[in-house]
Amino acid sequence: MVMLAGLVVIGALVWLVRRRQGGRTEDTWPGGAPREGVAALAAGPALAESRAAGRIVVRGLTKDYDQIRAVDGLSFTAEPGRITGFLGPNGAGKTTALRMLLGLAQPTAGTATIGGTRYADLADPIGRVGAVLEASGAHPGRSGRDHLRIICRAAGLPLGRADEVLRATGLSLAARRPAGGYSLGMRQRLGLAAALLGRPQVLVLDEPANGLDPAGIRWLRDLLRAFAAKGGTILISSHILAEMQQLADDVVIIASGRAVAQGTVGAVTGSLAKGGTRTLVRTPEPGMLAAELGEAAEFAPAGPGGEDVYVTGPDATAIGEAARRAGVAIHQLVTQQPDLEAAFLELTSLTKTEGAEQ
Amino acid sequence: MKPAIMRRLVAAELMKVRTTASWWYYLAGFGLLAAGALTNNWFSHHYQLHPQADLPDRAQALAAAAQARTPSGTAAIAASMITSGDFLTALFAILLGVHIAANEFAQRTATVTFLTVPRRGRVVAAKVAAAACAGAVFWLAATLLNGIGTGVFLRTEHLSGALTGVTAARSAGMALLVYVLSAVAGVGLGALIRSQLAAVITAIAAYAGGFALIELVSHLVYDLARQGWVLGLPVAAPPLADIVMTSSGSAFPHAPPPWAGAAVMAGYALALAAAGTAAIRARDVS
């Protein structure tokens, strides 16, 4: 009889588990990004009371794994009120550097501080820094809401804060579903929601736009701009260089664990040998134009047929004047601004070449 | 460390346990094993009280049955039944402890956990406390099931009073310690071994295999040395330490007293928790 009672109890428990799992399938992802949530999320009361409190300073950061040096004497600063892009090819050491900054990996040498303090020593870590290092970081069998409520509980935040950030990130309808069923974009939003729970002053984001649809990317861009405008510090790594060119104020480009360029986006792209301003010229007689411009101009083919060329050196006015003097017809003359993608590719390929030569 | 911080960290760890389905699976498996152990114990004691007619040493069995119906014999039956199979079901407390620690790495939730609370020693301490609470819940479930079963058995066999006696209460109290220490040892093991699967296999192998190995070694040594105390050494194996702790009399020939079993289990729990904490502190979270 006792055995039978035990089996009945176990059967009831299994039925309850199945019911809990099956009952969470009715919600659907709403789709469009809720732009009204941006201001609420970015307007945290903890934002920039003093500039120094939000400054990220990395000095000589180095990490060795066995015989491999993943990060090699990396130094940079990310300032409050600015969005700093952290760029590098796969395996360049970006994620390792961010993990060291956030106390998740122990540096072999060097320091990384936020407001002059190591992350591990911050009194209220998620009240100072919000971080997304992998999409959501939630247990696949746990609901998004429970995931956030657990963080709230551990950090001493009111549990209701979880519902606030879920609403602001457009996840309310999916909040009670297991996170394992979320799309990549939804998991990114859940990660961002977790990062924003403590109304932090600093955001550290690793590829936060992965999996977001165009509306989501725009929502993220608005959020980060509003956050920086309030004085927040943002350090963001991304492979979407066109997006970073629009978004970032400063960039740090790393390759093979070392910083190969840093500064404002304009300064980095403008300092390049091949990635600076150039002019696209369409003319039936590029040879005559080249002769008129002389050695100061560098010509490179811009397409098949030979009529389209890139001219580096003289600006569009000088090219037009030279064409007039030489009697050369010009069918198109377009000035092309410095390009972060070109800068990235040139700087990272230079490092690869140096590495190969060594 | 401020008590308020620890309270909220333990509450967060308990939320982690109860907000996934795994907890229910552990409890269901535990319930099944507990019910099986109680049933086995029921029949064992029934045949102790009613020896079969074809037993070769029936006279001895009848004497044992008569002794079992005395107050001390009934108290021993009650103590045995209320802790039915605890040495087996405690394995579920160990496995749940392993789950609480190692699942963070298996499901890659450790990053968020240590971003929220970067002081890792506090996190492990909270996991230990949460596992101890979960172990106590296992004990409560087992003791309720066994208590009901024992009450019905004693009534059926026309034996009374033993369930509320000191002997049964002491065994049940020791069983609580078994579950709590087992769960704490599980957390230590799960923290020490990063792979959850490897930690689970190690726990099961050490629990079952360690018992067999130490039994074998102690008997081999006894054959050489002929010293009685050697036969008490198997208490170093957790399942036998559990039995020694909860047994109302001598659990096996030359068995040490219950406190020795408790000391063994406490030693395992403390050593594994300390080693697990050190490992978690030193480990890069990726």
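Counting from 1, residues in each chain are numbered in the order their sequence is written. Written order decides the labels, with chains lettered from A and ligands numbered from 1. Given that the model is predicted, a residue must reach a pLDDT of at least 70 before its local features are reported, and side-chain atom pairs must reach 80 or more before they are shown or counted; all residues, however, enter totals for whole chains, interfaces and linings. As a convention, hydrogens and water are excluded, and side-chain values are obtained from all of the structure's heavy atoms.

Student: Describe the overall build of chain B, and please don't skip the residues or the numbers.
Tutor: Counting from the N terminus, the helices are DSSP H or I runs at least four residues long and the strands are E runs at least two residues long. Per the secondary structure count, chain B includes 11 helices and 0 strands. Using C-alpha atoms as the atom set, the radius of gyration is obtained and then compared with a globule rule of 2.2 Å times the number of residues to the power 0.38. For 286 residues, the compact-globule formula gives about 19 Å, and the C-alpha radius of gyration of chain B, at 21 Å, lands near that figure. Each residue's exposure class comes from its accessible area (1.4 Å probe, protein chains only) as a fraction of the maximum for that residue type: buried when under 20%, exposed when over 50%, partly exposed otherwise. The buried share of chain B, reckoned over its 286 residues, is 51%. Contacts between residues were defined by any pair of non-hydrogen atoms, one from each residue, lying within 4.5 Å. Taking the intrachain contacts of chain B between residues at least 6 apart in sequence as the baseline, contacts between residues at least 24 apart amount to 78%. Working note: accessible area of chain B is about 12400 Å², and carbon and sulfur atoms make up 70% of it. A gap of 19 Å separates the mean positions of the 18 positive and 10 negative side-chain charges of chain B. Surface accessibility in these figures is a Shrake-Rupley result with a 1.4 Å probe; residues are shielded only by whichever protein chains are displayed. His residues and chain termini do not enter the charge count, which takes Lys and Arg as positive and Asp and Glu as negative. Lysine's charge is taken at NZ, arginine's at CZ, aspartate's at CG and glutamate's at CD.

Student: Could you give an account of the sheet that holds strand 9 (residues 258-264) of chain A, with specific residues and numbers?
Tutor: All names here are of chain A. By definition, two strands form a pair when at least two bridges between them are found by DSSP. Read across the sheet, 6 strands follow the order 5-6-7-3-8-9 without closing on themselves; strand pairing throughout is mixed. Looking at which strands have only one partner, the edges of the open sheet turn out to be strand 5 (129-132) and strand 9. Averaged over all neighbouring strand pairs, the angle between strand axes comes to 10°, with direction disregarded. Bridging between strand 8 (residues 250-255) and strand 9 involves 6 bridges; their strand directions are antiparallel. Paired with D250 across the two strands is T264, which belongs to strand 9. Lines fitted to C-alpha atoms define the axes, with helix axes restricted to the stretch in contact, and inter-axis angles between N-to-C directions lie between 0 and 180 degrees.

Student: Report on the environment of T264(A), specifying residues and quantitative values.
Tutor: Residues and elements named next belong to chain A. Turning to its location among the elements, T264 is positioned in strand 9. Between the alpha carbons of T264 and G85 there is a distance of 9.7 Å; along the sequence they are 179 residues apart. Aside from chain neighbours lying at most four places away, what touches T264 is R82, D249 and D250. For this analysis, a polar contact is any N or O atom pair within 3.5 Å, provided that within protein one partner can donate a hydrogen and the other can accept it, and provided that sequence-adjacent residues contribute only side-chain to side-chain pairs. Within the local environment of T264, its side chain forms a polar contact with the backbone nitrogen of A267, the two atoms lying 3.1 Å apart.

Student: Which residues make up the pairing of strand 8 of chain A, and what values go with them?
Tutor: Residue and element names in this part refer to chain A. Burial analysis of strand 8 places 6 of its 6 residues in the buried class, the great majority of the element. Bridge count for strand 3 (residues 83-87) against strand 8 is 4 bridges, and the pairing is parallel. Bridge assignment links T84 to a residue of strand 8, and that residue is D250. Hairpin connection from strand 8 to strand 9: 2 residues lie between these consecutive antiparallel strands, with S256 at a positive phi of about 50°.

Student: Quick rundown of the packing of helix 7 (residues 184-196) of chain A against helix 8 (residues 214-229) of chain A? Include the residues and the values.
Tutor: All names here are of chain A. As a packed pair, helix 7 and helix 8 sit with axes 12 Å apart at the nearest point and diverge in direction by 15°. Classified by the angle between their axes, helix 7 and helix 8 sit roughly parallel to one another. For the pair helix 7 and helix 8, the sense of crossing is left-handed. Residues R189, L192 and L196 of helix 7 pack against G216, W219, L220 and L223 of helix 8. Asp, Glu, Lys and Arg are counted as charged, while Ala, Val, Leu, Ile, Met, Phe, Trp, Tyr, Cys and Pro are counted as nonpolar; the rest, among them Gly, fall into the polar class. Partitioning the contact of helix 7 with helix 8 into residue classes produces 5 nonpolar, 1 polar and 1 charged. Just so you know how the angles are binned, under 35 degrees is roughly parallel, over 145 roughly antiparallel, 65 to 115 roughly perpendicular, and the rest oblique. Take the far helix as the reference: if the near one is turned anticlockwise from it by less than a right angle, the crossing is left-handed, and if turned clockwise, right-handed.

Student: Describe unusual backbone geometry, listing the residues and the values that go with them.
Tutor: Residue E207(A) is not a glycine yet carries a positive backbone phi of 50°. Within the secondary structure, E207(A) sits in the loop between strand 6 (202-206) and helix 8. Of note in this structure, R108(B) is not a glycine but carries a positive phi near 60°. Tracing the sequence through the fold places R108(B) in the loop between helix 5 (86-106) and helix 6 (110-116).

Student: For the confidence of the model for chain A, give the residues involved together with the corresponding values.
Tutor: Looking at chain A as a whole, the pLDDT averages 83, with 81% of positions reaching at least 70. Between residues 17-33 of chain A, whose pLDDT stays under 50, and residues either more than four places distant or in other chains, the model counts 30 contacts. A residue's pLDDT is simply how confident the predictor is in it, with values from 0 to 100.

Student: So what about the packing of aromatic side chains? Which residues, and what values?
Tutor: Two numbers describe a pair of aromatic rings. These are the distance of the centres and the angle of the planes. Residues and elements named next belong to chain A. Two rings from Phe, Tyr or Trp (for Trp, the six-membered ring) form a pair when their centres sit within 6.5 Å of each other. Planes less than 30 degrees apart are called stacked, planes more than 60 degrees apart edge-to-face, and all others tilted. Tallying each qualifying case throughout the model produces 6 aromatic pairs over all chains. Judged by centre distance (5.2 Å) and plane angle (35°), the rings of F76 and F86 are tilted. In this pair, F76 is assigned in strand 2 (residues 68-78) and F86 in strand 3, connecting sequence segments 10 residues apart. The exposure classification of F76 matches that of F86, with both residues buried. Charge-over-ring contacts are defined here by two conditions on Lys NZ or Arg CZ: a distance within 6 Å of the ring centre and an angle within 35 degrees of the ring normal. Sitting above the plane of the W219 ring, R189 keeps its charged end 5.1 Å from the centroid. The aromatic ring of Y310 is capped on one face by R278, whose charged end is 3.9 Å from the ring centroid.

Student: Can you break down the packing of helix 2 (residues 22-49) of chain B against helix 4 (residues 71-82) of chain B residue by residue, with the values?
Tutor: All names here are of chain B. Orientation of helix 2 relative to helix 4, taken along the N-to-C sense of each, is 160°, at an axis distance of 9 Å. With respect to each other, helix 2 and helix 4 are oriented roughly antiparallel. Here the hand of the crossing between helix 2 and helix 4 comes out right-handed. Here L38, N41, W42, H45, Q48 and L49 of helix 2 come into contact with helix 4, specifically with I77, S80 and M81. When its residues are assigned to classes, the contact of helix 2 with helix 4 shows 5 nonpolar, 4 polar and no charged.

Student: Which residues make up the sheet that holds strand 10 (residues 278-282) of chain A, and what are the values?
Tutor: All names here are of chain A. Pairing is antiparallel in the open sheet, where 4 strands are placed in the order 11-12-10-13. Edge positions in the sheet fall to strand 11 (298-301) and strand 13 (332-336), since each of these pairs with one other strand and no more. Across the sheet, the mean angle from the axis of one strand to that of its neighbour is 25°, orientation sign disregarded. Judged from the 4 bridges that link them, strand 10 and strand 12 (residues 308-312) form a sheet pairing that is antiparallel. Bridge pairing links V281 to V309 in strand 12.

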